[in-house]
Amino acid sequence: MSRVFITGSADGLGKMAAQLLVQEGHSVVLHARNDARAKEAMAGVPGAEAVVIGDLSSVQQTRDVADQVNAVGAFEAVIHNAAVGYREGRRIQTEDGLPHVFAVNTLAPYILTGLIRKPKRLVYLSSGLHQQGDDSLKDLLWQHRSWQGTQAYSDSKLHDVLLAFAVARLRPDVFSNAVEPGWVATKMGGPSATDDLDQGHRTQVWLAVSDDPQARVSGEHFYHMRRRTPKAATRDVAVQNKLLDECRRLSGVDLEALIASPAR
Ligand SMILES: NC(=O)c1ccc[n+]([C@@H]2O[C@H](COP(=O)([O-])OP(=O)(O)OC[C@H]3O[C@@H](n4cnc5c(N)ncnc54)[C@H](OP(=O)(O)O)[C@@H]3O)[C@@H](O)[C@H]2O)c1
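Summary of the structure given here. (Residues numbered from 1 in each chain as written. Predicted model: local features only at pLDDT ≥ 70, side-chain atom pairs only at ≥ 80, totals over all residues. Heavy atoms only, no water.)

We now examine the site of the ligand. Around the ligand, 30 residues are found, and the nearest of them are L13, R37, Y153, T186 and K187. With respect to the ligand, the side chain of Y153 contributes an N or O atom lying 2.7 Å from an oxygen atom. Within the backbone of V184, one N or O atom sits 2.8 Å away from an oxygen atom of the ligand. Relative to its unbound accessible surface of 900 Å², the ligand loses 95% to contact with the protein. For the shell around the ligand, the secondary-structure elements that each account for two or more residues are α1 (12-23) and α5 (149-170). Partitioned by chemical class, the residues of the shell around the ligand number 13 nonpolar, eleven polar and six charged. (Near = heavy atom within 4 Å. Polar contact = N/O pair within 3.5 Å; in protein donor to acceptor, adjacent residues only side chain to side chain. Areas by Shrake-Rupley, 256 points an atom, 1.4 Å probe, with all protein chains shown as cover. Helix = DSSP H or I, 4+ residues; strand = E, 2+ residues; numbered from the N terminus. Nonpolar A, V, L, I, M, F, W, Y, C, P; charged D, E, K, R; others polar.)

Written out as structure tokens, the structure reads:
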């Protein structure tokens, strides 16, 4: 049995993944943005081991989430699930001066990947919309473009695949993969979503804990437990490195140095 940490597990696919993992006998640590959501997360996943708390739109709180996770011990798998969707109608600025979507969907998983002690498996939730992401990585902070919520979300989901593949390259001893769960009727997906909600959480659970040889791979992109070809730029090491450089500059967390450090 494995020990798994899931970001954004108070609701949606994160909560569903946590429930399935607990049912299967795994130990699960949840994550929620604040105390009230943490109580709801624990009530929604009976049998979960613990919950850590922090708002991932804040660099400081995200660092604190990593400290809390490390304090509860080592994990076999981390599922980077938390995100905000494509419906933000304007550029919402975080306390760090970043666009909210970028802070939660791109920078937080980068920071947590660097600061949480190395698990055996990492899963990053992306989306089919990553195909529309801007692989020039120009204007990540939306200072020069006019705001478009769907484009900002698509960019962030491209970043998640780039991050998964960069980590797969830099950490050959860890399985690091990306998942698109389909358009499903969670809070984010909304009631018109057309894909099968019951399939939306299974691939990330499978990648996190299964002994199936098809799940014990790295640097792949999945949809419904099958490999799916991601946008070509996600394989481009120069684009991956550009994202890592920008995230290092914006967060002060040096993921590559942390990965190279023997202590981790
Ligand atoms: N649903 C879809 O159709 C779809 C399609 C493609 C990809 N995805 C991806 O699947 C993943 C899960 O999405 P979902 O549909 O389950 O979304 P969801 O129902 O909106 O759940 C998102 C979770 O992330 C948490 N979260 C958001 N911002 C946070 C913050 N600043 N700090 C801490 N936690 C935060 C939310 O907390 P609260 O509940 O407190 O808000 C919630 O628990 C995301 O990465 C998404 O991009 C979803």
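The subject of this paragraph is the pattern of salt bridges. Should their charged atoms come close, side chains of opposite charge can pair. On inspection of all chains with the given rule, the structure shows 17 salt bridges. Taking the shortest distance from any N to any O, the salt bridge between D134 and R145 comes out at 4.0 Å. In this pair, D134 is assigned in the loop between β5 (121-125) and α5 and R145 in the loop between β5 and α5, connecting sequence segments eleven residues apart. You can call R145 partly exposed: its relative accessible area is 25%. Between K157 and D160 there is a salt bridge whose closest N-O contact spans 3.0 Å. Of this pair, K157 and D160 both sit in helix α5, three residues apart, which is roughly one turn of the helix. Side by side, K157 and D160 carry an identical accessibility label, which is buried. (Salt bridge = Lys/Arg side-chain N within 4 Å of Asp/Glu carboxyl O. Buried < 20%, exposed > 50% of the residue type's maximum accessible area, 1.4 Å probe, protein only.)

The next thing to look at is helix α3 (residues 59-72). Between its first and last C-alpha atoms α3 spans 20 Å; for 14 residues at 1.5 Å apiece the expected length is 20 Å, and the two agree. Those residues of α3 lying buried are V59, T62, V65, A66, V69 and N70. The buried residues of α3 occupy one face: seen down the axis, they fall within an arc of 130 degrees. Exposed side chains of α3 directed beyond 90 degrees from the buried face belong to Q60 and A71. Against β1 (3-6), β2 (27-32), β3 (50-53), α4 (100-115) and α7 (237-251) lie the buried residues of α3. (Expected span 1.5 Å × (residues − 1). Arc of directions from axis to C-beta. Contact = heavy atoms within 4.5 Å.)

Closest axis-to-axis distance for the α5/α7 pair is 9 Å, and the angle between their directions is 105 degrees. Of the possible angle classes, the one that applies to α5 and α7 is roughly perpendicular. For the pair α5 and α7, the contacting residues are H159, L162, L163, F165, A166, R169 and L170 in the first and V237, V239, Q240, N241, L243 and L244 in the second. Broken down by class, the residue content of the contact of α5 with α7 amounts to nine nonpolar, three polar and one charged. (Axes fitted to C-alpha atoms, helices over the stretch in contact; angles between N-to-C directions. Parallel < 35°, antiparallel > 145°, perpendicular 65-115°, else oblique.)

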